[in-house]
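# Understanding the architecture of this molecule
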Amino acid sequence: MVVARRPLFALLLIVVSLAGCTSGSLVGRWRMVKCAPNKETFSIDNANFTSKGEYSANVSLEGRAEKEKGRFEFNGFTITFRPSGGGSRSFTAVRRINRLEIMSGARNVILEKQ
């Protein structure tokens, strides 16, 4: 009987690990702990993600910094921001325990959950 439970346990572990890979897994406040190549070129800081799929953050892209608000989606591999001013930006993203790494080519930012 123990052998029959092992596949069920393995399936349960997979389901639990995938449950954290959704927009809901980002809910809360996040602050930047590292960015590359520099803060002016690519950074996201003081981010707040809500359970309603909304976000606010200090964003710097290519020398242009602004406080941004809008909607977001996260599927465990990609985060898409839809600022309230219009447009859409998608980045590769990985959630690791209390850290979120957002990447765009050689540019990346690491946020830590507060």
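Residues numbered from 1 in each chain as written. Predicted model: local features only at pLDDT ≥ 70, side-chain atom pairs only at ≥ 80, totals over all residues. Heavy atoms only, no water.

As a further point, take the pattern of salt bridges. The full count for this structure, using the stated rule, is eight salt bridges. The shortest N-O distance in the salt bridge between R31 and E112 comes to 3.9 Å. With R31 in strand β1 (residues 28-36) and E112 in strand β8 (residues 107-113), the pair connects residues that are 81 residues apart, well separated along the chain. Judged by relative accessible area, which is 36%, R31 ranks as partly exposed. Among the ionic pairs, R96 bridges to E101, the shortest N-O distance being 3.2 Å. For R96, a relative accessible area of 49% puts it in the partly exposed group. (Salt bridge = Lys/Arg side-chain N within 4 Å of Asp/Glu carboxyl O. Helix = DSSP H or I, 4+ residues; strand = E, 2+ residues; numbered from the N terminus. Buried < 20%, exposed > 50% of the residue type's maximum accessible area, 1.4 Å probe, protein only.)

Of all the seven residues making up β8, six are buried; the element is thus mostly covered by neighbouring parts of the structure. Here six bridges tie β1 to β8, and the two strands are oriented antiparallel to one another. Residue pairing in the sheet places C35 in a bridge with V109 of β8. Where strand β7 (residues 99-104) lies against β8, six bridges are found, and the strand directions are antiparallel. Following the sheet pairing, L100 is matched in β8 by L111. The hairpin formed by β7 and β8 contains two residues between the paired strands, and G105 there has a positive phi angle of roughly 65°. (Pairing = 2+ DSSP bridges.)

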